[in-house]
Amino acid sequence: MQGKAVVIGGGIAGLLSARVLSSHFEQIMVLEKDAYSEKAVTRNGIPQSHHIHILLMKGRQILTDLFPNLESVLISKGAHRVDLLADVKYHLATGFALRLKSGMYTIACTRHLLENTIRDELLTHCHNVKIKENTMATSLAKSTNGNEILGVNTISNNSLSSFYEGRLIVDATGRRSETAKWLEKIGFERPPQLKINSWIGYATQKYKLPDNLNLDWKSLIVMTKPPTNPRMAVIYPVEGDNVVMVGLLGIGKTYSPTDKDGFMEFAKQIGVDEVKGIIEKSKPISPIFGYRETGSRQYLFENMKKWPDNLVALGDSVCAFNPLYGQGITVTAICAKTLGNHLENDWQTNYHIKKGFSQSFQKKIAKVNSFPWLLGTSEDLRWPTSEGPRPNLLTTIMQKYANDVMLLGPESKLATRSFFAMMHMLKSPLVLFHPLIMTHLLYKKLAKKKHQKINQIICLLFVISVVIMIRNKHVV
Ligand SMILES: Cc1cc2nc3c(=O)[nH]c(=O)nc-3n(C[C@H](O)[C@H](O)[C@H](O)COP(=O)(O)OP(=O)(O)OC[C@H]3O[C@@H](n4cnc5c(N)ncnc54)[C@H](O)[C@@H]3O)c2cc1C
């Protein structure tokens, strides 16, 4: 272990980065502009923390690898274990998805509890990590004759300027990252950006459920119904006695009001009575918080001709997703793990940083980001009100196909299990191309056309032959 590393930003991306760096550097300094608080539910740097944060299964797995005690500590603080398909009731445009025991689970709690617990675990187990609160990075300092960043200039809340030197600098400053500007100031080109905005708005309130409700689900998720209903609802269990967060979302500037009556009216317009019922029967225990900064935005750092050898960026700072598919934390966790592996294999030769170390990292995480980006923006691009470049024909077909598989939810266990395993990043998108799923979709399409009977017989024969092949292990 050699030298110091500096992480800018002490949100989830910064904390996970510090965790993987702790095996490679003598000292890791995390610079966070806010002061943390155990009690306050949010802080200026993470205004999104009033809203529901679903931790995808893959994210839960990686967090558990990095912090083996995390799950048990979260549960001891009131978080819930939630089975992906047995405990979550999904309402799709075609009806309620089938419920089944999936054996795949996540941990449900507020983002605030998750971040605080990760930070506690980090500081307890990684003694070479220090966090400097109230310390805002203001610029990067570059060596005069090389391609390396020497360190980070900061200003504290009482206006004291400081400089933090590091052999490796990690940018984890989130959606509002200034790194592009900082790089331009020290002579690098401005990185290209890709933006797609479907103008999603959130309104969220916490409720205490009555004791006698006897729900057969822990979470209820009502998806949008394109092209007629851009409204969506998520009811999600968090820590506390029978406490849930109710999030009402709308696409294309269909924003839920944040006053009591407007919130209820919006809930009615979602079109699933259970949402309205929960709000009516439960006791609100927080104000209604609104949030609208949700566009999908990525910096294409990997395409820059020149990039500092010892600066890496990850998390929302590089790629901020529209939050509908709950991908941010999980993708960040995958990127942090990628950083750990990259350091293991490609960091230095004879104490010199390998040329292109950081650029090849940015290329790797661009690949990690690419599929979640396609999935997230597929919802954006279903709405004519969305702004941003349209994808090519192949991508459009793939996005439409994935959506069609999701819509089989009310009638096919296989499609449901496959879609949600893919969405939770446990399985590759190829899982959607199971022959039985493809046949099911084909059958539905053909059944709508002329010669229905003949088409159905052809499909039936196809299904039978696929089943025989699968049983004989010729396929999958
Ligand atoms: C409304 C909404 C809902 C979401 N829902 C989900 C969900 O369900 N599931 C999910 O996985 N993700 C969700 N996300 C995304 C998720 O919040 C982020 O992807 C995730 O937290 C990773 O963020 P980050 O650490 O990269 O950035 P952030 O969480 O934004 O953290 C950045 C940190 O850097 C600090 N900082 C910024 N600038 C400086 C500076 N100059 N100097 C020092 N410190 C600085 C900030 O104070 C902050 O602490 C949602 C996002 C939004 C907006």
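The notes below deal with the structure included here. For clarity, every value in this text was computed on a predicted model and none was experimentally measured.

### Some thoughts on the sheet that holds strand E9 (residues 149-156)
- Spatially, E8-E9-E10 is the arrangement adopted by the three strands of the open sheet, whose pairing is antiparallel. The open sheet is flanked by strand E8 (135-142) and strand E10 (161-165), the only strands paired with a single partner. Between one strand axis and the next, the sheet turns by 30° as a mean value, whatever way the strands run.
- The pairing of E9 with E10 spans five bridges and is classified as antiparallel. Bridge assignment links Thr 154 to a residue of E10, and that residue is Ser 162.

### Quick look at helix H6 (residues 260-269)
- For H6, the full list of buried residues reads Gly 262, Phe 263, Met 264, Phe 266 and Ala 267.
- Following H6 by one or two positions, Gly 271 adopts a phi angle in the positive range, close to 90°.

### Some words on unusual backbone geometry
- In this structure, the amide linkage connecting Pro 226 to the following residue, Pro 227, adopts the cis form with an omega of 0°.
- One can find Pro 227 in the loop between strand E14 (219-222) and strand E15 (231-237).
- Unusually for a residue other than glycine, Asn 134 sits at a positive phi of about 55°.
- Tracing the chain through its elements places Asn 134 in the loop between strand E7 (129-132) and E8.
- Unusually for a residue other than glycine, Met 425 sits at a positive phi of about 65°.

### Brief notes about the site of the ligand
- With respect to spatial proximity, 35 residues lie near the ligand, and among them Glu 32, Ile 54, Arg 111, Asp 316 and Ile 329 are the closest.
- Within the contact set of the ligand, a nitrogen atom lies 2.9 Å away from a backbone nitrogen or oxygen of Ala 137.
- For the ligand, the accessible surface in isolation is 1,000 Å², of which the surrounding protein chains cover 96%.
- Looking at the shell around the ligand, the elements with two or more residues in it are helix H1 (12-21), E8 and helix H8 (328-346).
- Class assignment for the residues of the shell around the ligand results in 15 nonpolar, 14 polar and six charged.

### Quick word on the pattern of salt bridges
- A full pass over the atoms with the stated rule returns 19 salt bridges.
- Between Glu 115 and Arg 111 there is a salt bridge, with its nearest N and O atoms 2.5 Å apart. Of the two residues, Glu 115 and Arg 111 are both situated in helix H4 (residues 111-125); the distance of four residues between them amounts to about one turn of the helix.
- A relative accessible area of 6% means that Arg 111 is categorised as buried.
- Where Lys 181 meets Glu 178, a salt bridge forms, and the shortest distance between an N and an O atom there is 3.7 Å.
- Members of the salt-bridge network, linked through shared partners, are Glu 32, Asp 34, Arg 43, Arg 111, Glu 115 and Arg 119.

Analysis parameters
Residues numbered from 1 in each chain as written. Predicted model: local features only at pLDDT ≥ 70, side-chain atom pairs only at ≥ 80, totals over all residues. Heavy atoms only, no water. Pairing = 2+ DSSP bridges. Helix = DSSP H or I, 4+ residues; strand = E, 2+ residues; numbered from the N terminus. Axes fitted to C-alpha atoms, helices over the stretch in contact; angles between N-to-C directions. Buried < 20%, exposed > 50% of the residue type's maximum accessible area, 1.4 Å probe, protein only. Near = heavy atom within 4 Å. Polar contact = N/O pair within 3.5 Å; in protein donor to acceptor, adjacent residues only side chain to side chain. Areas by Shrake-Rupley, 256 points an atom, 1.4 Å probe, with all protein chains shown as cover. Nonpolar A, V, L, I, M, F, W, Y, C, P; charged D, E, K, R; others polar. Salt bridge = Lys/Arg side-chain N within 4 Å of Asp/Glu carboxyl O.

Shape descriptors only; they carry no functional weight alone.
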